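Summary of the model geometry
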Amino acid sequence: MKNSLSGLFYNKTFQVFFLVCSSLLLFLGRQLDRGITNFDDAYYGQKAKEIFSSESLWVVLWKGNPSFDNPPLPFWLTGMAYKIFGVSGYATVFSSAIFGVLIVYLTYSICSYLYKDDWTSFLAAFVLIFPGMFLDSSRRGMLDITLAFFVTAAMFCLLKGLENRKYYLFYGLMTGCAMLTKSVLGLFPVIIGIVFLFWHGKFRKILDPIYLLSIALALIVGCSWYVVNWYMFEDDFVRGHLHQISLDQYISSEGSLLYLFGYFKDMLRNYWPWLPFTAIGVFLFAKRGFKERDVNSMFLFLWASIPFVIMSTSRNQTLRYLFMVFPALGIITACTIASWLKDSQKEKALPWMIGIVMTVVLVVNVTPIQVKVSLNQNSPNVKD
């Protein structure tokens, strides 16, 4: 019985099914009465509600007036949920939850694609879900999980494009959707892709006509909102949107340079128990990428490090902005731990991981326990 159960746990189909179902229960559980818990969730939910009352789906509204700080794609998706479930807190967080589930699935799939190891792939997804930052944000109606999904999907398509160039076009499309989700932050797949392909094959890879077409597709899709709103509102749009991404807000020479280490401090506070393994793993992956020219190691290292370094120059540092690199960190961490464990230790650890996931599912869905933002009404007046 024990051996058959262990065999089931190692079955790839079971693992994927378990992760998808558990993630759905974690991210959507107990949401009917706690769908909106903070102001930000309500702010974006209201925008999704108002955009459909405007003369154009390209015009994002806030309190009846054009709002230029966010592109419209997340609000289109939330609006679709409103059409299905009605305007409610549940519908407000629905798309974030679904994208959270898809990120868990993609993390497992990317790790399996790179390393052909189901145990390591399961651990990568487990690291992504726990600790609770990713879980909490997947239960909220904000933009960061949506952005993380499109970036993760773009990176997977870039990776598969090395073997089949048609995936470059999906890479471009996903990058364009990332731009339509959170403006310039959606450009990270392009930056990572150019650096990675230059490392991989110099200008020969970057100047591939299909890859260049994918970049053009990303810019056409991603810049469509800019073009429409500039045409409609001209300088008002330029001033309104650039105010959100101005150099004064994100990169400043004033004050102490210690702010550059803000994300390191956030990771020190929030990324336990994985932080030591992640730090060692990033170093080892960088070493294998640069010294041994290992493609997988360099791909994951660049994915994790480029957004981290660039975003660290911002004075507006919030850890959820880096969820786009969490799948890469999860895979790096899982591979590092897996390389240190014996097969017998892995066999003992897998049921524990499954048990922890099931326990948290029960806590979220069938107990009155309230923890962190997702299960606690931090702003009870916001729904009104």
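Coordinates for the structure precede this section.
This section reports on the structure supplied with the text. If you're wondering where the values come from, they're calculated on a predicted model, not measured in any experiment.

Conventions adopted
- Residues numbered from 1 in each chain as written.
- Predicted model: local features only at pLDDT ≥ 70, side-chain atom pairs only at ≥ 80, totals over all residues.
- Heavy atoms only, no water.
- Salt bridge = Lys/Arg side-chain N within 4 Å of Asp/Glu carboxyl O.
- Helix = DSSP H or I, 4+ residues; strand = E, 2+ residues; numbered from the N terminus.
- Buried < 20%, exposed > 50% of the residue type's maximum accessible area, 1.4 Å probe, protein only.
- 1 Å grid on protein atoms, 1.4 Å probe; cavity = no way out; pocket = protein on both sides within 12 Å on 5 of 7 lines; lining within 4 Å.
- Points joined across faces, edges and corners; volume = space filled by probe spheres on them.
- Nonpolar A, V, L, I, M, F, W, Y, C, P; charged D, E, K, R; others polar.
- Phe/Tyr/Trp six-rings, centres within 6.5 Å; stacked < 30°, edge-to-face > 60°.
- Axes fitted to C-alpha atoms, helices over the stretch in contact; angles between N-to-C directions.
- Parallel < 35°, antiparallel > 145°, perpendicular 65-115°, else oblique.
- Left-handed = near helix turned anticlockwise from the far one by under 90°.
- Contact = heavy atoms within 4.5 Å.
- Patch = residues over 30% accessible without salt bridge, like charges linked within 9 Å, V, L, I, M, F, W, Y side chains within 5 Å.
- Areas by Shrake-Rupley, 256 points an atom, 1.4 Å probe, with all protein chains shown as cover.
- Disulfide = S-S within 2.5 Å.
- Core = buried A, V, L, I, M, F, W, Y, C linked by side-chain atoms within 4.5 Å.
- Polar contact = N/O pair within 3.5 Å; in protein donor to acceptor, adjacent residues only side chain to side chain.

Thoughts on the pattern of salt bridges
One pass over the full model with this rule turns up 8 salt bridges. The closest approach of N and O atoms between Arg140 and Asp41, which form a salt bridge, is 2.8 Å. With a gap of 99 residues between them, Arg140 in the loop between helix 7 (132-138) and helix 8 (144-161) and Asp41 in helix 3 (residues 39-51) connect regions that are remote in the sequence. There is no split in this pair, since Arg140 and Asp41 are both buried. Across the pair Asp208 and Arg165 runs a salt bridge, and its minimum N-O distance is 2.9 Å. Pair noted here: Asp208 is in the loop between helix 10 (188-206) and helix 11 (209-233) and Arg165 is in the loop between helix 8 and helix 9 (167-182), with a separation of 43 residues, a long-range link. For Arg165, a relative accessible area of 41% gives the class partly exposed. Linked by salt bridges that have partners in common, Asp40, Asp144, Lys182 and Arg320 make up one network.

Describing the layout of surface pockets
Of the volumes computed, that of the second largest pocket is approximately 300 Å³. Forming the walls of the second largest pocket are 13 residues, and the residues nearest its centre are Phe264, Met267, Val282, Phe308 and Leu329. Looking at the lining of the second largest pocket, the elements with two or more residues in it are helix 14 (262-270), helix 15 (275-291) and helix 16 (295-311). Here the lining of the second largest pocket takes 5 residues from helix 16, the largest share from any one element. Here the lining of the second largest pocket is built from residues that sort into 11 nonpolar, 2 polar and no charged.

Let's talk about the packing of aromatic side chains
Taken as a whole, this structure holds 37 aromatic pairs when the rule is applied. Taken together, a centroid distance of 5.9 Å and an interplanar angle of 25 degrees make the contact between Phe14 and Phe18 stacked. You can see Phe14 and its partner Phe18 sitting in helix 2 (residues 12-28), 4 residues apart, about one turn around the helix. Judged by its relative accessible area of 10%, Phe18 is buried. Pairing Trp225 with Tyr226 gives two aromatic rings, centres 5.3 Å apart and planes at 70 degrees, and the pair type is edge-to-face. A residue is classified by how much of its surface remains accessible, and Trp225, at 0% relative accessible area, is buried. Among the aromatic residues, ring-to-ring pairing joins Phe27, Phe134, Tyr271, Phe323 and Phe326 into one connected group.

A few points about the packing of helix 2 against helix 18 (residues 343-366)
Closest axis-to-axis distance for the helix 2/helix 18 pair is 9 Å, and the angle between their directions is 25 degrees. Between helix 2 and helix 18, the interaxial angle falls into the category roughly parallel. Once helix 2 is placed against helix 18, the crossing between them reads as left-handed. Of the residues in helix 18, those in contact with Phe14, Gln15, Phe18, Ser22, Leu25 and Leu26 of helix 2 are Leu350, Ile354, Val357, Met358, Val360, Val361, Val364 and Asn365. Of the residues contributing to the contact of helix 2 with helix 18, the split by class is 11 nonpolar, 3 polar and no charged.

Description of a nonpolar patch on the surface
There is a patch of nonpolar side chains on the surface, built from Trp230, Tyr231, Met232, Val238 and Leu242 and spanning about 550 Å² of accessible area. Listed by contribution, the elements that provide at least two residues to the nonpolar patch are helix 11 and helix 12 (235-242). Per-element tally for the nonpolar patch: the top contributor is helix 11, with 3 residues. On the secondary structure map, Trp230 appears in helix 11.

Thoughts on the state of the cysteines
According to the stated counting rule, one finds 0 disulfides in the structure shown. For the unlinked cysteine Cys111, the closest cysteine sulfur is that of Cys335, found at 4.5 Å. Looking at Cys111, the relative accessible area reads 0%, which means it is buried.

Things to note about the nonpolar core
In globular proteins that are soluble, nonpolar side chains generally tend to be buried together. Among the nonpolar cores identified, the biggest contains 115 residues, and Leu158, Tyr271, Leu300, Trp303 and Phe326 are the most heavily contacted of them. Excluding residues within four positions of it along the chain, Trp303 makes contact with Ile110, Val151, Thr152, Met155, Ile192, Met324, Val325, Pro327 and Ala328.

Looking at the side chain of Ser297
Its place among the elements puts Ser297 in helix 16. For Ser297, a relative accessible area of 1% gives the class buried. Side chain to side chain, Ser297 and Arg288 meet in a polar contact 3.3 Å long. Apart from residues lying up to four places away in sequence, Ser297 is in contact with Tyr115, Phe285, Arg288 and Gly289.

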